[in-house]
Amino acid sequence: MSQPIGPSAEQTLHPQESGEALQLAGRLNEAAAAYRTRLEATPDDPITLSNYGGLLNEFSRFDDACAVLSRSLALDPSQPDAWSNLGNTFLHLQRYDDATAAYRNCLQQNPAHALALSNLGVVLDHRGAHDLAQKFHQVAVQLTPDNAKTRTNYAISLLSHGDYLAGFREYEWRWTTHSSRSYGMTVPQWKGEDFQDLNLMIHTEGGFGDMIQFSRFIPFSAQRGGRVIVRARKELLTLLRQSFPEQIFFSEDDEVPPHDLQCPILSLPFALGTTLETIPSAGGFLRANAQKTSFWRERLHQDVAASGRHALRVGLVWAGAPHPEIQAAELANRRRSTDLSTFAPLADIDAGILFYSLQIGDKSAQARTPPAGMNLIDHTPLLRDFSDTAAMVAALDLVIAVDTSTAHVAAGLGKPVWMLSRYDQCWRWLSGRTDSPWYDSLRLYQQAAPLDWSDPIRRICTDLRVLAAHSAIPQKQSGAMA
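Residues numbered from 1 in each chain as written. Predicted model: local features only at pLDDT ≥ 70, side-chain atom pairs only at ≥ 80, totals over all residues. Heavy atoms only, no water.

Per an unreviewed UniProt entry, the chain goes by the name Glycosyltransferase family protein and belongs to Gluconacetobacter tumulicola.

A. Geometry of helix H20 (residues 454–469). A rise of 1.5 Å per residue sets the reference length of H20, with its 16 residues, at 22 Å; its end C-alpha atoms lie 23 Å apart and thus fit the reference within 8%. Among the residues making up H20, those that are buried are Pro456, Ile457, Ile460, Cys461, Leu464, Leu467 and Ala468. Summarising the axial view, the buried residues of H20 lie within an arc of 135°, below the 170-degree limit, and thus occupy one face. The elements touched by buried residues of H20 are strand E5 (312–317), strand E6 (353–357), strand E8 (398–402), strand E9 (417–421) and strand E10 (442–446). (Helix = DSSP H or I, 4+ residues; strand = E, 2+ residues; numbered from the N terminus. Expected span 1.5 Å × (residues − 1). Buried < 20%, exposed > 50% of the residue type's maximum accessible area, 1.4 Å probe, protein only. Arc of directions from axis to C-beta. Contact = heavy atoms within 4.5 Å.)

B. Focus on the packing of aromatic side chains. Summed over the entire model, instances satisfying the criterion amount to 16 aromatic pairs. Judged by centre distance (5.0 Å) and plane angle (50°), the ring pair of Phe208 and Phe386 falls under tilted. Linking Phe208 in helix H12 (residues 208–214) with Phe386 in helix H18 (residues 386–394), this pair joins segments that are 178 residues apart in sequence. Residue class for Phe208 comes out partly exposed when judged on its relative accessible area of 25%. Aromatic side chains Trp418 and Tyr445 sit 6.0 Å apart centroid to centroid with 50° between the ring planes, which places their arrangement in the tilted category. Of the two residues, Trp418 is situated in strand E9 and Tyr445 in strand E10; the sequence distance between them amounts to 27 residues. We note that Trp418, like Tyr445, is buried. An aromatic cluster is defined as three or more aromatic residues linked by ring pairs; in this entry it consists of Tyr164, Phe168, Phe214, Phe217, Trp427 and Trp438. Over the ring of Tyr439 we find Arg216; its NZ or CZ atom is 4.8 Å from the centre of that ring. Note that Arg233 overlies the ring of Phe208, its terminal NZ or CZ placed 5.2 Å from the centroid. (Phe/Tyr/Trp six-rings, centres within 6.5 Å; stacked < 30°, edge-to-face > 60°. Lys NZ or Arg CZ within 6 Å of the ring centre and 35° of its normal.)

C. Main features of the nonpolar core. Counting residues in each nonpolar core, the largest one holds 70 residues, and the members touching the most others are Trp190 and Trp427. By residue number, the principal contributor to this core is H18, which donates six residues. Other than its neighbours up to four places away in sequence, Trp427 contacts Ile156, Leu159, Ser160, Tyr164, Phe168, Phe214 and Trp438. By size, the runner-up hydrophobic cluster in this structure holds 32 residues, among which are Leu39, Tyr103, Cys106 and Leu107. (Core = buried A, V, L, I, M, F, W, Y, C linked by side-chain atoms within 4.5 Å.)

D. Region of the structure containing the UniProt feature "repeat: TPR" (unreviewed entry) in the chain. Under the present numbering, the feature "repeat: TPR" (unreviewed entry) in UniProt falls on residues 80–113 and 114–147. Along residues 114–147 the backbone is 79% helical and 0% strand, and the end-to-end C-alpha distance reaches 10 Å. (UniProt positions renumbered as here; feature names shortened; annotations may be inferred.)

E. Focus on the sheet that holds strand E3 (residues 248–251). Reading across from one edge, E3-E2-E1-E4 is the order of the four strands in this open sheet, with parallel pairing throughout. What marks the edges here is a single partner per strand, and that holds for E3 and strand E4 (261–264). For this sheet the average axis-to-axis angle between neighbouring strands, irrespective of direction, equals 25°. With respect to the sheet, helix H14 (residues 234–243) is in contact with strand E2 (225–232) and E3, its orientation differing from that of E3 by roughly 165°. (Pairing = 2+ DSSP bridges. Axes fitted to C-alpha atoms, helices over the stretch in contact; angles between N-to-C directions.)

F. Looking closely at helix H2 (residues 28–41). Under the 1.5 Å per step criterion, the end-to-end length of H2 is 20 Å for 14 residues, consistent within 8% with the ideal 20 Å. Taken together, the buried positions of H2 are occupied by Ala31, Ala32, Tyr35, Arg38 and Leu39. Looking straight down H2, one finds that the buried residues subtend no more than 130° of arc, so they occupy a single side. Seen from the buried face of H2, the exposed residues on the opposite side, beyond 90 degrees, are Asn29, Thr37, Glu40 and Ala41. Next to the buried residues of H2 lie helix H1 (19–24) and helix H3 (46–58).

Here is the structure:
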């Protein structure tokens, strides 16, 4: 995902164990202590304040960062790095007008400030202005052609705009960053060439939703060569094996078998030359277990009978999984997630609707106290892995979810999904669309303003009333459904 790049630390001003040097070495807690010590002695040092404020962004302490950086700039408004760091703070807070003003102030001081140029492009991308954003990204890339972060921000802009050939090619720069190198792969990466008589290992990248969405490419990769083996998290193994029985899957907990080539799952579109028009299997590619699905159909039938009325069965997901180990992913999760109380207007629809919690994790406890008037049933203690989730989803009529892995499961089954998407939505959903080339059955409800779910919920309520008036959702006839 695109993200603000920074902070900018003036390493040359202080000795090796300075805050700047510690920060650049990734020793962030020690760097913070060093900055605080220096500021006790020289509290009006604008450069130290700028660097410390930039570091506070790394700790997601954005209000503190704003105060420190504002003080730095009050002391010396001619600092381009301080303006860039303040722009990053505002961008994290989704204060886009303020972020734009800060980056412009930076560029007035230093027109060749590549980080501010790239981050100004990120602001524009978050607002859907991809054509203009790419002009800033291109200049940033020209100034720093070997900077993986500016290249990755440019890639996300291209992908958000639907330029998949260029976007996925540029996206390969993510593998030169420190966090990506941690995968530790030693054999060559597969780039789409034929690999007869060789073993290709496709491995996990990103979260569960990424693995589910891009698993559709696995059979097409296998058409180009010898033997394909897929390394996945254990929670996905049963679902993937039943969906792609011709392929070999093994757990990340198992010993890695011998292989000649490797490819992360998110690099498969690049290797296969995928374009917006050639995304495969939009009608569905997952298979729910027939026996498990029969169990859930009977269980839900009993729920409907107990309710005493004909009921539309709607699954709900209101939060994604936290990722505290990766700041960008954690902040994106906070923006994509909400609480069950946000869905309270759904309870006001005067129709025979039974809602089912599909929420897993800490926020699943909210299902115990649903909004007033909401008929919410929680069977999630029976869900042990994604094959169980897929079977339950297959027995539902509709899933309403935020942008999380369950939405990918449901859409991958060909089940109707109404997805609430954050204002700065993920690149894969493109801009200005309510449909998706990735899933025929997906309908998007994007925020009209940052952090405000009222408009998506209002539109969902309108559409759900129409659907409920027809008493049952039209079932999509698809081989992907059990």
